[in-house]
Amino acid sequence: MRRVLNKVDKPLLILTVICLIFGLMMVGSASSLKAYMSMGDSYYYFKRQLFFIIIGLILFFVIIKIPIKRYKSIIYIVIAGVIGALVYVLLKGETSNGVTGWLFIGGFGIQPSEFAKTALILFMALTFERLIKIRNLSNALKVAPFIVPLLFIFLVFEQPDFGTMMVLVGITIVIFFMVPYDKKTRFVMITFTIISVLLLALVMSFTGKGLSESQLARFNFQDPCTRYRERTGYQVCNGYIAINSGGLLGSGYGNSKQKYLYLPEAHTDFIFAIIIEEMGLIVGIVMILIYFIIIWRIIMIGKKAYNLQGTIICYGVATLIALHVMINLGGVLGVIPLTGVPLPFYSYGGSFMINLLICLGLVQRVSVENKIFEQKHLVR
């Protein structure tokens with residue numbers, strides 16, 4: 001294990017640990033009142049988040065040791081499992097905040113759509129690594145891998161989880177432009193995508209299915225404080241109040257006033273507002289800078305990858321993190337509709353936290369394999 005750890009990207013690992021510790025502290029602070037009032041234990045959500053982080057870190061270190069090529073034997077089983085889970089939650093899943101996307105097992109909520117992101121990245125990486133080695137590849141085979149993301153996107157949209165759907169779309173687009181196909185093939189694939197979207201729209205128009213009323217209401221996001229007493233403005237306006245109250249240096253750890261049930265999702269969607277209120281705008285700016293560094297480190301690992309497989313994994317994970325940050329902060333700041341996408345490292349949530357650490361484990365495994373490859377070539 002020590003040999004493997006010596007080959008991981010140290011700056012990325014250090015920043016990951018720092019973000020996890022600080023995020024855990026802020027979940028503890030933001031959720032303390034709600035935890036006490038609903039569960040009788042101020043540390044309820046803190047302890048659960050700590051449990052999720054421990055599980056995620058165990059998987060993180062296991063993944064670092066496993067060569068990526070070994071996933072070839074199970075990736076189709078994983079894809080089938082994710083599709084099955086997404087279909088199941090549509091039929092029998094629990095509804096939370098207007099989204100039918102949850103399975104509850106032993107008191108823990110599992111969101112299959114979160115794991116769909118990682119399954120998609122890994123599937124595309126392994127598939128295109130194999131396909132680009134085939135000569136005279138037919139257009140049908142070039143298009144075939146994109147059926148999986150389209151299926152994921154459709155099933156997540158039906159929940160309807162617009163935020164997660166946008167993340168899946170973003171990851172798919174980035175990978176599409178990474179694959180070294182010629183212009184003719186790209187035209188065929190873009191045409192295929194447009195036809196798929198039109199067919200989806202046609203199906204929705206005939207079935208009458210689409211975004212729920214609560215989801216559509218979120219598109220009314222401008223000037224939230226003019227609708228303070230309405231659902232469409234209450235949360236975002238209270239987020240503004242929290243950010244404004246924090247100033248440059250904040251009111252101090254644990255001293256947030258907006259977490260006193262003014263912000264219903266203080267420890268999840270709106271944790272950034274609580275962080276600014278308690279720790280100040282300077283800390284918020286540092287957080288954003290750290291996100292830039294993390295994404296940049298992941299992209300650099302991808303650029304150094306000796307194969308397409310490693311590059312797709314890194315670029316896919318970088319896209320996942322970047323989109324989550326942009327969509328979450330955009331919603332909290334009222335720039336875009338609020339979609340309930342968690343903020344990486346900081347928002348409370350088991351499925352997302354575990355999946356995030358799995359993704360970072362895959363990135364670190366690419367870093368390890370890059371260095372093993374470099375050492376072998378140096379020896380030669």
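Cut-offs and rules
- Residues numbered from 1 in each chain as written.
- Predicted model: local features only at pLDDT ≥ 70, side-chain atom pairs only at ≥ 80, totals over all residues.
- Heavy atoms only, no water.
- Helix = DSSP H or I, 4+ residues; strand = E, 2+ residues; numbered from the N terminus.
- Buried < 20%, exposed > 50% of the residue type's maximum accessible area, 1.4 Å probe, protein only.
- Contact = heavy atoms within 4.5 Å.
- Areas by Shrake-Rupley, 256 points an atom, 1.4 Å probe, with all protein chains shown as cover.
- Polar contact = N/O pair within 3.5 Å; in protein donor to acceptor, adjacent residues only side chain to side chain.
- Core = buried A, V, L, I, M, F, W, Y, C linked by side-chain atoms within 4.5 Å.
- Phe/Tyr/Trp six-rings, centres within 6.5 Å; stacked < 30°, edge-to-face > 60°.
- Patch = residues over 30% accessible without salt bridge, like charges linked within 9 Å, V, L, I, M, F, W, Y side chains within 5 Å.
- Salt bridge = Lys/Arg side-chain N within 4 Å of Asp/Glu carboxyl O.
- Lys, Arg positive; Asp, Glu negative; His and termini not counted.
- Charge placed at Lys NZ, Arg CZ, Asp CG, Glu CD.
- Axes fitted to C-alpha atoms, helices over the stretch in contact; angles between N-to-C directions.
- Left-handed = near helix turned anticlockwise from the far one by under 90°.
- Nonpolar A, V, L, I, M, F, W, Y, C, P; charged D, E, K, R; others polar.

Asks: Can you explain the overall build of the protein chain? Please cite residues and give values.
Replies: Assigned secondary structure in the protein chain consists of 15 helices and three strands. Here the protein chain holds 380 residues, and the buried ones make up 52% of them. Summarising the internal contacts of the protein chain: among those between residues at least 6 apart in sequence, 73% fall at separations of at least 24. Just so you have it, the protein chain exposes about 18,200 Å², and 68% of that area is on carbon and sulfur atoms.

Asks: Give me the lowdown on the environment of Gln 258, citing residues and values where you can.
Replies: Locating Gln 258 in the fold gives a position in the loop between helix H11 (231-246) and helix H12 (271-279). Under the relative-accessibility criterion, Gln 258 is labelled buried at 7%. Taking the C-alpha atoms as reference points, Gln 258 and Ile 241, separated by 17 residues in sequence, lie 7.8 Å from one another. Non-local contacts of Gln 258, meaning those with residues more than four positions away in its chain, are made with Asn 238, Ile 241, Ala 242, Leu 263, Ile 274 and Glu 277. A polar side-chain atom of Gln 258 sits 2.9 Å from a polar atom in the side chain of Asn 238.

Asks: Which residues make up the nonpolar core, and what values do they have?
Replies: Among the nonpolar cores identified, the biggest contains 105 residues, and Phe 128, Phe 152, Ile 298, Ile 321 and Tyr 346 are the most heavily contacted of them. If you tally residues by element for this core, the top one is helix H14 (residues 308-332), at 14 residues. Not counting residues up to four positions away in its chain, the partners in contact with Tyr 346 are Cys 19, Phe 22, Gly 23, Val 27, His 267, Ile 271, Ile 275, Met 287 and Tyr 291.

Asks: How would you summarise the packing of aromatic side chains if you had to cite specific residues and measurements?
Replies: Applying the stated criterion across every chain, the model contains 13 aromatic pairs. Where Tyr 43 meets Phe 46, the ring centres are 6.3 Å apart and the plane angle is 75 degrees; that geometry is what we call edge-to-face. On the basis of relative accessibility, which here comes to 55%, the residue Tyr 43 falls in the exposed class. Judged by centre distance (5.1 Å) and plane angle (85 degrees), the rings of Tyr 44 and Tyr 45 are edge-to-face. Residue Tyr 45 is classed as buried on the basis of its relative accessible area, which comes to 10%. Joined through ring pairs, the aromatic side chains of Tyr 44, Tyr 45, Phe 51, Phe 52 and Tyr 348 make up one cluster.

Asks: I'd like to hear about a positive patch on the surface, residue by residue, with values.
Replies: A surface patch of positive charge is lined by Lys 69, Arg 70, Lys 72, Arg 130 and Lys 376. With respect to the secondary-structure elements, Lys 69 resides in the loop between helix H3 (44-65) and helix H4 (75-92). A residue is classified by how much of its surface remains accessible, and Lys 69, at 57% relative accessible area, is exposed.

Asks: Can you lay out a nonpolar patch on the surface for me, pointing to particular residues and giving the numbers?
Replies: Side chains of Leu 248, Leu 249, Leu 281, Ile 282, Ile 285, Val 286, Leu 289 and Phe 292 sit close together on the surface and give an oily, nonpolar patch of about 790 Å² of accessible area. Take Leu 289: it is sitting in helix H13 (residues 281-304). By relative accessible area, which is 48% here, Leu 289 ends up partly exposed.

Asks: So what's going on with the pattern of salt bridges? Which residues, and what values?
Replies: Counted under the stated rule, the structure contains six salt bridges. Between Glu 278 and Lys 259 there is a salt bridge, with its nearest N and O atoms 3.5 Å apart. Separated by 19 residues along the polypeptide, Glu 278 in helix H12 and Lys 259 in the loop between H11 and H12 bring together distant segments of the chain. As far as burial versus exposure is concerned, Glu 278 and Lys 259 are alike and both buried. Taking the shortest distance from any N to any O, the salt bridge between Arg 365 and Glu 369 comes out at 3.0 Å. Here Glu 369 and Arg 365 lie together in helix H15 (residues 350-379), a separation of four residues that amounts to about one turn.

Asks: Residues and numbers for unusual backbone geometry, please.
Replies: A positive phi angle, close to 80 degrees, is found at Phe 345, a residue other than glycine. One can find Phe 345 in the loop between H14 and H15.

Asks: Account for the side chain of Asn 370, naming residues and giving values.
Replies: Topologically, Asn 370 is positioned in helix H15. Leave out the neighbours within four places in its chain, and Asn 370 touches Ile 301, Lys 304, Ala 305 and Tyr 306.

Asks: Describe the side chain of Asn 328, listing the residues and the values that go with them.
Replies: By the element assignment, Asn 328 lies in helix H14. Engagement of the side chain of Asn 328 in a polar contact is seen with the backbone oxygen of Val 341, the distance being 2.8 Å. Setting aside chain neighbours within four positions, we find Asn 328 in contact with Asp 269, Val 341, Pro 342, Leu 343 and Ser 347.

Asks: Describe in detail the packing of helix H8 (residues 162-178) against H14, supporting the description with residues and values.
Replies: Where H8 meets H14, the closest approach of the two axes is 9 Å, and the angle between their N-to-C directions is 145 degrees. Seen from above, H8 lies across H14 with right-handed handedness. For the pair H8 and H14, the contacting residues are Gly 163, Met 166, Val 167, Gly 170, Ile 171, Val 174, Ile 175 and Met 178 in the first and Leu 308, Thr 311, Ile 312, Tyr 315, Gly 316, Thr 319, Leu 320, Leu 323, His 324 and Ile 327 in the second. The residue inventory of the contact of H8 with H14, partitioned by class, reads 12 nonpolar, six polar and no charged.

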